[in-house]
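Remarks on the overall topology
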Amino acid sequence: MSGSARVLLLPVGLLVVSLMAALGAGMWFADRNDQHVAERFDAVTETVTMSLNERLRLYDYGLRGLRGAIATAGPEVSRASFERYAATRDIPAEFPGVLGFGFVRRVLPDDMGVFIDTARAEGRPDFRVAQLLAHDGERFVIQYIEPLAGNATAIGLDIASENRRRQTALTAMETGKATLTPPITLLQQGGMVPGFLLLLPVYRPGMATATPDQRRQAAIGWAYAPLMIDAVLADLARVDPDIAF
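Conventions and cut-offs
Residues numbered from 1 in each chain as written. Predicted model: local features only at pLDDT ≥ 70, side-chain atom pairs only at ≥ 80, totals over all residues. Heavy atoms only, no water. Helix = DSSP H or I, 4+ residues; strand = E, 2+ residues; numbered from the N terminus. Contact = heavy atoms within 4.5 Å. Areas by Shrake-Rupley, 256 points an atom, 1.4 Å probe, with all protein chains shown as cover. 1 Å grid on protein atoms, 1.4 Å probe; cavity = no way out; pocket = protein on both sides within 12 Å on 5 of 7 lines; lining within 4 Å. Points joined across faces, edges and corners; volume = space filled by probe spheres on them. Nonpolar A, V, L, I, M, F, W, Y, C, P; charged D, E, K, R; others polar. Core = buried A, V, L, I, M, F, W, Y, C linked by side-chain atoms within 4.5 Å. Buried < 20%, exposed > 50% of the residue type's maximum accessible area, 1.4 Å probe, protein only. Phe/Tyr/Trp six-rings, centres within 6.5 Å; stacked < 30°, edge-to-face > 60°. pLDDT = per-residue confidence, 0-100. Pairing = 2+ DSSP bridges. Salt bridge = Lys/Arg side-chain N within 4 Å of Asp/Glu carboxyl O. Arc of directions from axis to C-beta.

1. Comments concerning the overall build of the protein chain
Scanning the protein chain from terminus to terminus reveals eight helices and eight strands. Taking the intrachain contacts of the protein chain between residues at least 6 apart in sequence as the baseline, contacts between residues at least 24 apart amount to 64%. Total accessible area on the protein chain stands at roughly 13700 Å², and carbon and sulfur atoms take up 60% of it.

2. Points about the layout of surface pockets
Its volume calculated, the largest pocket comes out at about 480 Å³. Within the residue set of the lining of the largest pocket, elements represented by two or more residues are strand E1 (101–107), helix H4 (112–121), strand E3 (139–146), helix H7 (212–218) and strand E8 (219–228). Per-element tally for the lining of the largest pocket: the top contributor is H4, with four residues. Among the residues making up the lining of the largest pocket, the classes are represented as 10 nonpolar, four polar and eight charged.

3. Digging into the nonpolar core
Counting 30 residues, the largest nonpolar core has Phe-140, Ile-159, Trp-222 and Tyr-224 as its most contacted members. By size, the runner-up hydrophobic cluster in this structure holds 21 residues, among which are Val-98, Phe-101, Tyr-144 and Ala-223.

4. Comments concerning unusual backbone geometry
Working note: non-glycine residues mostly have negative phi, and peptide bonds are mostly trans. Cis geometry is found at the peptide bond from Glu-146 to Pro-147, where omega equals -5°. Structurally, Pro-147 can be placed in the loop between E3 and strand E4 (157–158).

5. Considering the packing of aromatic side chains
Under the counting rule described, the total for this entry stands at four aromatic pairs. On the numbers, 5.0 Å between centres and 90° between planes, the contact of Phe-95 with Phe-101 is edge-to-face. In terms of burial, Phe-95 and Phe-101 fall into one category: buried.

6. Quick look at the confidence of the model for the protein chain
Low pLDDT means the predicted atomic positions in that stretch should not be read closely. Averaged over every residue, the pLDDT of the protein chain is 83; residues scoring 70 or more account for 80%. Looking across the protein chain, the model is least confident in helix H1 (residues 3–73), with a mean pLDDT of 67, and most confident in E4, with 98. Here residues 1–17 scores under 50 on pLDDT; set against residues more than four positions off or in separate chains, the count is two contacts.

7. Some remarks on the environment of Ala-219
By secondary structure assignment, the location of Ala-219 is in strand E8. Once you skip the residues sitting within four places of it in the chain, Ala-219 turns out to touch Arg-106, Met-173, Val-202 and Tyr-203.

8. Examining the pairing of strand E7 (residues 193–203)
Within E7, 10 of the 11 residues are buried, which leaves it mostly tucked inside the rest of the structure. Taken together, the two bridges between strand E5 (residues 179–180) and E7 define a ladder with antiparallel strand orientation. Its bridge partner lying in E7, Thr-179 is registered against Leu-199. Here three bridges tie strand E6 (residues 184–186) to E7, and the two strands are oriented antiparallel to one another. Looking at E7, one finds that Thr-185 is bridged to Pro-194. Direction of pairing for E7 relative to E8: antiparallel, over a ladder of nine bridges. If you follow Leu-197 over to E8, its bridge partner there is Pro-226.

9. Let's talk about the pattern of salt bridges
The tally for this structure, following the rule as stated, stands at nine salt bridges. Two residues, Arg-106 and Glu-138, come together in a salt bridge whose shortest N-O distance is 2.8 Å. Of this pair, Arg-106 sits in strand E1 while Glu-138 sits in the loop between strand E2 (130–131) and E3, placing them 32 residues apart in sequence. Judged by its relative accessible area of 23%, Glu-138 is partly exposed. Across the pair Glu-162 and Arg-165 runs a salt bridge whose closest N-O atoms are separated by 3.0 Å. The burial state of Glu-162 is the same as that of Arg-165; both residues are buried. Each of the salt bridges in this network shares a partner with another, and the network as a whole consists of Glu-162, Arg-164 and Arg-165.

10. Focus: helix H2 (residues 79–86)
Owing to its 3.6 residues per turn, the α-helix brings residues three or four apart onto one side. Among the residues of H2, those classed as buried are Arg-79, Ser-81, Phe-82, Tyr-85 and Ala-86. Down the axis of H2, the smallest arc covering the buried residues is 165°, so these residues share one side.

11. Side note on H4
All of the buried residues in H4 are Met-112, Phe-115, Ile-116 and Ala-119. Taken down its axis, H4 places every buried residue within 95° of arc, on the same side. Opposite the buried face of H4, at more than 90 degrees from it, the exposed residues are Val-114, Asp-117 and Ala-121. Buried positions along H4 lie against E1 and E3.

Rendered as structure tokens:
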């Protein structure tokens, strides 16, 4: 081997060794970076999950307050008594993400005429029951909601006319627990708002509610809240600026 060849061997050998070292370091940092990202994601997930659970507990607290007010007013809760209770709450400040609080009443088909007449006599002469899909069964009608601004289009909707809403209402009624629908499109703002309904059953005072069958017999309706997804997640999205929800 010539001297010039021997002179070239050293730089080439050093280059190979350096590349191998760089590759090994790159792979090590990539593994470390993946691990860091995974750990960071898990931490953010845990934080957001805890925050969402706390927020849902806050909403549940609001619905329980409304249910108590309805129980105090009696099964024939009126529009006036509902509005008086709503006036004691600052819903946007107390319950971020909630568009309002309302009452959904169970109405048998044979009672629809009397129900509509009563609603109109309370100061809503244009009150009517609307269905998303026609059906002949029991109606679950949004009778009241406050604040009225931004929510008026929901009044009169029979939530039993759409399967996701209906099944969630039945689950809440039979378990006695606040229950969240799957994601739905709310009627507010022209029906373009993605969100959920949170429903808490309201039972007739004095009736037994120990079993699902007893709860079905005792339920007069549901306290409920429409939740707007974007508003619910708005401040939670600031947990980590590099992670999108």
